[in-house]
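Notes for the structure review
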Amino acid sequence: MSERKYIILTPEGKEIIPSRENLDSFNENFQVLVKKEALREELIGGYPEIINYLNRFGFEWESYSDYGHMRMNPYAALIFDLVAEYSRQVVRSLNLPLLEIKGTAFFNLDLKPVKEHAELYGGRLYLMETDRGKFVLRYAACHQQFAMIKDWIISYKDLPFAAFEIADSYRLEQSGEVELCFRLRRFFMPDLHVFVRNENEAKVWLINVHHKIMEEMEKLNRSYELLINVVSPNEYNRYKSFLIEIAKDVGKPVLVSIYPSSELNYYWTINIEYIIIDKLKRPKEIGTVQIDIGNAERFKITYVDENGEKHYPVILHSAVIGGLERYIYTLFDTALQLEKPTLPTWVSPVQVRLIPVTEQCLRYCIDVSNEIEKYGFRVDIDDTKRSLSRKIVDAEREWIPYIVVIGEREVAKRMLNVRIRRKNIQKNMAVNELIELLENEVDGYPRKPRYFPKLLSKRPGFIYY
């Protein structure tokens, strides 16, 4: 079987065959992508220090399970649930009729649509047998959504609409390639499927979803490089003007991977991978969107048009912010590239740490914490019997955005002495001023309470100290 062909496609429509000699004119991150994907070069890499920080916040391998299965301590569990809720907010903001569903991860391989769809994933199938037969664990939400939607009565008036599920997904990745919070055998995909009447509508909605994917990464002050997979040379010729439109939209070249013509019954035509280049200069796929022209027929999903005739809809597949664990990986990778590593305040497990200088200041700390909590923010109190300097160091190691030291002077003046991590400054302010800062930073993002006691003295040692 022949190999894929790679083309660098510029916003002007110029096609460039990638080579080591013609990369210098492109941005550094795009060069990394081309070297890895098209030229198959080994990248330098190195020890991923991000693992140390993921561990510190409670993301760990579960030694009692299979390779590639994680467990999450309270900080990690809270981050995960915040990101899950945020993924819902993002898809709702697309202004599509949205139907969220839930379902199973086990699908019967004796059924033709399941078998045909599964065969495209080859050796990465996670299989199991029961007394009912051989089953595949889903590798995304496709199986459940399609198996459910085939039973719906859909009119052309209902289109477009979207289905959404945060789906526990399973891929039998090679044990030596699993990577904490990135390449996993069990992961969670906030899977969005948009159902439209035809390919022209699919292109319109792909651009809408594409803009949302790019916007979400820009919120982190990062940008994506695009790898666009095309299922065959014929489809490349058919989609070329559309791919140029995408390159124009991002304002820079994209890398196109053209699959050779194949007898495999691929369900998609184009599949866009949105890739960051991480701190170790490695390409990491995060977001994705693809046009699916095959699964509606495979699963017998139809809609009725104006004349009462049945048709198969075209389906967009997308994970707008990426798999939940991969988005979390991006948050930590972004933090580690800052002068002062910091997670966004909305996703920081502890948003405010209050540190009483003496036991006599504890009562005021409790009053302050109660006031801040009224607004849905996460605040805790370091009431442990350790030195003030040790408490501050540990709060810094947890990347807490606001560290508040409260001594007798603060109690007397009913004020706060606040260390603002992101700005690396210290400032005196009233409680309402701190609440205003938090409101501005967290506006538009989900809020959740702590998953752990307010007083550090009441916690088991689930974090580093």
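Before going into details, it helps to say that this report is about the structure given with it. (Residues numbered from 1 in each chain as written. Predicted model: local features only at pLDDT ≥ 70, side-chain atom pairs only at ≥ 80, totals over all residues. Heavy atoms only, no water.)

Next up on the list: the sheet that holds strand S22 (residues 425–429). A sheet is described by the order of its strands in space; here 5 strands give the open sequence S19-S18-S20-S21-S22, paired in mixed fashion. Of all the strands in the sheet, just strand S19 (379–381) and S22 have a single pairing partner and so form its edges. Here the average twist between neighbouring strands, direction ignored, is 25 degrees. Contacting strand S18 (352–356), strand S20 (402–406), strand S21 (416–420) and S22, helix H13 (residues 431–442) crosses the sheet at an angle of about 170 degrees to S20. (Pairing = 2+ DSSP bridges. Helix = DSSP H or I, 4+ residues; strand = E, 2+ residues; numbered from the N terminus. Axes fitted to C-alpha atoms, helices over the stretch in contact; angles between N-to-C directions. Contact = heavy atoms within 4.5 Å.)

With that settled, consider the environment of Lys413. Mapped onto the secondary structure, Lys413 falls in helix H12 (residues 408–413). Sequence separation between Lys413 and Ala430 is 17 residues; the distance between their C-alpha atoms is 9.3 Å.

With that settled, the discussion passes to the pattern of salt bridges. Taken as a whole, this structure holds 44 salt bridges when the rule is applied. Across the pair Lys279 and Glu49 runs a salt bridge, and its minimum N-O distance is 2.9 Å. Linking Lys279 in the loop between strand S13 (268–277) and strand S14 (283–292) with Glu49 in the loop between helix H1 (28–37) and helix H2 (50–56), this pair joins segments that are 230 residues apart in sequence. Salt-bridge contacts for Arg71 lead to Glu62; the nearest nitrogen and oxygen are separated by 3.4 Å. By relative accessible area, which is 21% here, Glu62 ends up partly exposed. (Salt bridge = Lys/Arg side-chain N within 4 Å of Asp/Glu carboxyl O. Buried < 20%, exposed > 50% of the residue type's maximum accessible area, 1.4 Å probe, protein only.)

Turning next to the environment of Cys142. In this fold, Cys142 is placed in helix H5 (residues 142–149). Cys142 sits 18 residues away from Arg124 along the chain, and the two C-alpha atoms are 16 Å apart.

Moving on, we come to the side chain of His117. On the secondary structure map, His117 appears in helix H4 (residues 112–119). Overall, the relative accessible area of 0% leaves His117 in the buried class. A polar contact is formed between the side chain of His117 and the side chain of Asn295, at a distance of 3.5 Å. Look past the residues within four positions of His117 in its chain and what remains in contact with it is Tyr139, Cys142, His143, Tyr267, Asn295 and Arg298. (Polar contact = N/O pair within 3.5 Å; in protein donor to acceptor, adjacent residues only side chain to side chain.)

Where helix H10 (residues 362–373) contacts H13, the two axes come as close as 10 Å, and the packing angle between them is 40 degrees. As summarised for this structure, H10 and H13 are arranged oblique, according to the angle between their axes. The chirality of how H10 crosses H13 is right-handed. Residue-level contacts link Tyr364, Val368, Glu371 and Ile372 of H10 to Val431, Leu434, Ile435 and Leu438 of H13. Looking at the contact of H10 with H13 residue by residue, the classes come out as 7 nonpolar, no polar and 1 charged. (Parallel < 35°, antiparallel > 145°, perpendicular 65-115°, else oblique. Left-handed = near helix turned anticlockwise from the far one by under 90°. Nonpolar A, V, L, I, M, F, W, Y, C, P; charged D, E, K, R; others polar.)

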